Amino acid sequence: ALPEYAVRWKYLEVEVWNENAPAPDTLIGKTKMRIRDLLKPSALDHDGHTLAGAELKRELPLARKGKGQQAFVKLTSTCERMPTLKEKTRMSKNKFQIRLSEMRAFDMPETEIGAKMLGALQDPFLVATIGKVTAATHEIDGAGEAAQWDGEELRL
């Protein structure tokens, strides 16, 4: 659960990796943005109980150090109010979670070891992080330059 200040000021980091077992995984690209920028303006209601218009579809550029923009990730972000452990009979007004869904990455450079020689395709997976909380999708075997994580949701 995120306190309200975190929704307004913390960053969401999204990385797309290629699973290269047994070799180390390769970063395809990453992006970072404030959580508040994932929400529509005035998404938090005045009473803090509900979120109006809190779902937003975004397309974000993915970049690698020294390589610049490499690809894109598209996702739907939703901010939801969450009850805390303390609240049995009353509702806390300041705890939220971010849910990422409809995630896909495209225009990715091929980073698979042996891609040129063997025709192998990369196996991408997506990792999302807010502070010390991390969630990841499964890898899509042989997806190549585009991947879509149908039906998967990440909650942070």
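Above this text is the structure in question.
Residues numbered from 1 in each chain as written. Predicted model: local features only at pLDDT ≥ 70, side-chain atom pairs only at ≥ 80, totals over all residues. Heavy atoms only, no water.

Engineer: Describe the pattern of salt bridges, with residues and values.
Structural biologist: When charged atoms on two side chains of opposite charge get close, those side chains can pair. Applying the stated criterion across every chain, the model contains three salt bridges. Residues Glu 153 and Arg 99 are paired through a salt bridge, measuring 3.2 Å at the closest nitrogen-oxygen approach. Pair noted here: Glu 153 is in the loop between strand E9 (147–149) and strand E10 (154–155) and Arg 99 is in strand E6 (residues 95–106), with a separation of 54 residues, a long-range link. Overall, the relative accessible area of 39% leaves Glu 153 in the partly exposed class. For Glu 153, the salt bridge identified is with Arg 155, shortest N-O distance 2.9 Å. With relative accessibility at 43%, the residue Arg 155 sits in the partly exposed group. Salt bridges linked by common partners bring Arg 99, Glu 153 and Arg 155 together as one network. (Salt bridge = Lys/Arg side-chain N within 4 Å of Asp/Glu carboxyl O. Helix = DSSP H or I, 4+ residues; strand = E, 2+ residues; numbered from the N terminus. Buried < 20%, exposed > 50% of the residue type's maximum accessible area, 1.4 Å probe, protein only.)

Engineer: Lay out the side chain of Asp 123 in plain terms, naming residues and giving numbers.
Structural biologist: One can find Asp 123 in the loop between helix H2 (115–118) and strand E7 (124–130). One buried charged side chain, Asp 123, makes no salt bridge at all; its nearest oppositely charged neighbour is Arg 64, positioned 15 Å away. A polar atom in the side chain of Asp 123 sits 2.6 Å from the backbone nitrogen of Gly 142. (Lys, Arg positive; Asp, Glu negative; His and termini not counted. Polar contact = N/O pair within 3.5 Å; in protein donor to acceptor, adjacent residues only side chain to side chain.)

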